[in-house]
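Architecture at a glance
Chain by chain, the residues run as shown.
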Amino acid sequence: MIEEEAKQRIDELIELVNYHNNLYYQQDTSEITDYQFDMMLEELVRLEQQFPQFKYPYSPSQRVGGSVTKSFRTVRHKYPMLSLGNTYSTDELIDFDNRVKKLLGHSNYRYFCELKFDGVALSLSYEDGILTQAVTRGDGSKGDDITANARTIKTLPLRITGNNIPQIFEVRGEAFMPNEVFHQLNAEREANGEVALANPRNTASGTLKMQDSAVVAKRNLDCYVYSLMMENPSFPTHSESIAALEKWGFNVSKTYAQCNDINAVIEYIDHWATLRFELPLETDGIVVKVDSFSDQEILGFTAKSPRWAIAYKYKSENKPTVLKSISYQVGRTGAITPVANLEPVLLAGTTVKRASLHNANEIERLGLRIGDTIFIEKGGEIIPKVTGIDITKRRQDSQPLKFIENCPECGTRLMRQPGEAIHYCPNIKGCPPQIKGRIQHFIHRDTMDIDSIGERTIALLFEQQLVLTPADLYKLQYDDIISLEGFKDLSTRNLLAGIENSKNSGFERVLFALGIRYVGKTVAEKLAYHFRNIDGIASASYEELIEAPEIGDRIAKSILSFFEDADNQQLIAELKEIGLNFEVKQEAVNLGNGSLSGMTFVVSGVFQSFDREELKNTIKQHGGKVMNGISGKLNYLLAGEKMGPSKLKKATDLGVEIISEQQFISMIEGNGSIQ
Ligand code: IVH
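Calculation criteria
- Residues numbered from 1 in each chain as written.
- Predicted model: local features only at pLDDT ≥ 70, side-chain atom pairs only at ≥ 80, totals over all residues.
- Heavy atoms only, no water.
- Axes fitted to C-alpha atoms, helices over the stretch in contact; angles between N-to-C directions.
- Helix = DSSP H or I, 4+ residues; strand = E, 2+ residues; numbered from the N terminus.
- Left-handed = near helix turned anticlockwise from the far one by under 90°.
- Contact = heavy atoms within 4.5 Å.
- Nonpolar A, V, L, I, M, F, W, Y, C, P; charged D, E, K, R; others polar.
- Near = heavy atom within 4 Å.
- Polar contact = N/O pair within 3.5 Å; in protein donor to acceptor, adjacent residues only side chain to side chain.
- Areas by Shrake-Rupley, 256 points an atom, 1.4 Å probe, with all protein chains shown as cover.
- Core = buried A, V, L, I, M, F, W, Y, C linked by side-chain atoms within 4.5 Å.
- Buried < 20%, exposed > 50% of the residue type's maximum accessible area, 1.4 Å probe, protein only.
- 1 Å grid on protein atoms, 1.4 Å probe; cavity = no way out; pocket = protein on both sides within 12 Å on 5 of 7 lines; lining within 4 Å.
- Points joined across faces, edges and corners; volume = space filled by probe spheres on them.
- Phe/Tyr/Trp six-rings, centres within 6.5 Å; stacked < 30°, edge-to-face > 60°.
- Salt bridge = Lys/Arg side-chain N within 4 Å of Asp/Glu carboxyl O.

**Here we look at the packing of helix α3 (residues 90–104) against helix α9 (residues 262–275)**
The N-to-C vectors of α3 and α9 enclose an angle of 145°; their axes lie 10 Å apart at closest approach. At the point where α3 passes α9, the crossing takes the right-handed sense. Of the residues in α9, those touching α3 at T90, L93, I94 and D97 are I262, V265, I266 and I269. Here the residues of the contact of α3 with α9 are counted per class, giving 6 nonpolar, 1 polar and 1 charged.

Structure below.
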């Protein structure tokens, strides 16, 4: 393809992808299949790799991430990012209104109310309609440049077009992780035996500081914008600037309202007091702003915050109820979670019967006793938390609570590692919820995907002692199943077919299904591609393990202890015998055809389609050799993004051919060698 054609096609693809993105994310519809969309995006990425001169900062390919930032640059804000004065009462709000009236010397002003979104404040710079920089609030005067990560936020326009768009402007907004995404992420973490994340706000903040923007892209952050800033404002009011932002395609929450006076503001506050819990994100109050910019200018600022705005914070709804008892749940990994059983109480629109207590430290910190009147509060979690005790209501005869010492399911004495908050039941092999939990994990959609078996069936199979390990699933016979409660001929055959089909699952799924602690979906994939087969992983030393991508000390130790265990070795031997995949299928890694035979390569930088180890393995499989240093004898320097300039210079000086990832892919796909 010649340059001109490439540019034209890239422009075309950018338009198409943007069009379909907009349909999908803003209008909840679509005209093409996910596959067609992926193909379009893939073509765009491929062309941009081939013609990097046409890789624009506003290309929707930026949304999928791929760049790695080692440390974030500190950037000074052009306009400082101030905070807001807080109030918790309508009386204080009326005082605020009186101050505004007095300072303005008239009462001919309006307010603009928005919800106060609980996320991470971002400052977004646009030049000639293109998003050029995204910076966190930091200390208010300087923050971190997290542009690559912000570009992955799908609702954030990377380029805006239209009439009367200022050449330079800044948009302020709140990046957040929608509650639904947060809960899904935590469910996945729990399935991987990882500690749950505390709340959506901290998770969004941590996500924006991740080094790998491809991981950020998968976290599905969103952003609501709430102010437009520029040298000479082209709009007389905040409401008009918000309307302009909406018109330009920014994501503005539809919850705002113009209020003619402070009474209307109070109505707005009441209106959202409980409705806000139905929004896709957490909010902790409302922001009241004087609408006219000229009035804002008259009112000015104090040292920390504007005099033209104030935040009204909702008191988090806190209700008293009685602690009836504490239950202890045992997870797949043996972790014990205490749960408070409560006298049912209505809180923020729902009846609450249970509250989470996290661990023994939390019970101790609160000093809980059965029968206590406790206060519960609804935060970001679905399950509310206990915030305190009404000690005046404590019964004389109540006793301090002692955390259980034995597993409520199997009676084994619990263990707690020094420095750890969580108690574990060490009876991994014999504790029923741990056994059932492992089978559940094994059949999960993300692992062996045996959807013909549900939680109830696992319980039945366990009760009958038919399935105690994943390998037992494959030994089940027709007669075993048909005799179970609720099973008929068709459901029995479906169940067996589901189990049989699972034998086709790829090695990375099998590896994840084994339930090695801390080896989640992504880590299992990385391990599978790095070591190629189970024996490679099982025999790897600590040093070899931590050399693999994304494997750190904690994961490496967990892998070592898993493979040291005789029962786990036996399980793997049985599953191998049954015919599960314990190596990466050859075709999945491009069966080496010797197309690189005799050629030498140095690999440098970051790549789109491979991680570095995968790339090296692919070279070897095709008969090529991977070298460490650049010398005159080297055939190719395979250059990714962010390659060091010294390597590039050395290769150029020595006349070594420098090839892109795309050119390399053409070589192994047999599209000829490099000309
Ligand atoms: S306007 C001078 N509007 O609240 C500051 N801020 O306490 C004007 N926030 O750092 C900010 N929702 O992170 C504004 N609708 C909203 C907001 C909002 C959340 C946050 C923002 C800011 C903090 C100020």
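Okay, back to it.
**Quick notes on the site of the ligand**
Residues in close proximity to the ligand total 14 residues, the closest being E114, L115, F117, E174 and Y226. In the environment of the ligand, an oxygen atom lies 3.3 Å from a nitrogen or oxygen atom belonging to the backbone of L84. Bound to the protein, the ligand loses 87% of the 520 Å² it would expose on its own. If one sorts the elements of the shell around the ligand by residue count, strand β3 (residues 111–117) sits on top with 4 residues. Class assignment for the residues of the shell around the ligand results in 8 nonpolar, 1 polar and 5 charged.

**Section: the nonpolar core**
When a protein is soluble and globular, its nonpolar side chains tend to lie buried together. Counting residues in each nonpolar core, the largest one holds 51 residues, and the members touching the most others are L124, F169, V171, L245, W248 and F250. With near-sequence residues (within four places) excluded, V171 lies in contact with L122, S123, L124, Y126, V225, S227, L228, L245 and F250. I450, I453, L473 and L575 belong to the second-largest nonpolar core, a separate cluster that totals 50 residues.

**A look at empty space enclosed by the protein**
Under the counting rule described, the total for this entry stands at 1 cavity of 30 Å³ or more. The space that makes up the largest cavity amounts to roughly 60 Å³. Every residue lining the largest cavity is listed: E114, L115, F117, Y224, V225, Y226, I242, V252, S253, T255 and Y256. Of all the secondary-structure elements, those providing two or more residues to the lining of the largest cavity are β3 and β8 (222–229).

**Description of the packing of aromatic side chains**
For the structure on display, the rule yields 20 aromatic pairs. Relative to W272, the ring of Y268 has its centre 6.4 Å away and its plane inclined at 55°; by these criteria the two rings are tilted. In this pair, Y268 and W272 both sit in helix α9, 4 residues apart, roughly one turn of the helix. Like W272, Y268 is buried.

**Some details on the pattern of salt bridges**
Scanning the entire structure with this criterion turns up 26 salt bridges. In this structure, D535 and K576 form a salt bridge, with 3.0 Å as the shortest nitrogen-oxygen distance. Residue D535 is found in helix α19 (residues 534–538), and its partner K576 is found in helix α22 (residues 566–578); the two are separated by 41 residues along the sequence. You can call D535 partly exposed: its relative accessible area is 45%. Several salt bridges share partner residues, and in doing so they unite R9, E12 and E43 into one network.

**Considerations on the side chain of S241**
Considering the arrangement of structural elements, one finds S241 in helix α8 (residues 238–247). A residue is classified by how much of its surface remains accessible, and S241, at 1% relative accessible area, is buried. Here H238 takes part through its backbone oxygen, which lies 2.8 Å from a polar atom of the side chain of S241.

**Side note on helix α13 (residues 455–463)**
Of the positions making up α13, those classed as buried are T457, I458, L460, L461 and F462. Buried-residue contacts for α13 involve α12 (432–443), α15 (478–482) and α16 (489–501). Looking one or two places after α13, you find Q465, whose phi comes out positive at around 60°.

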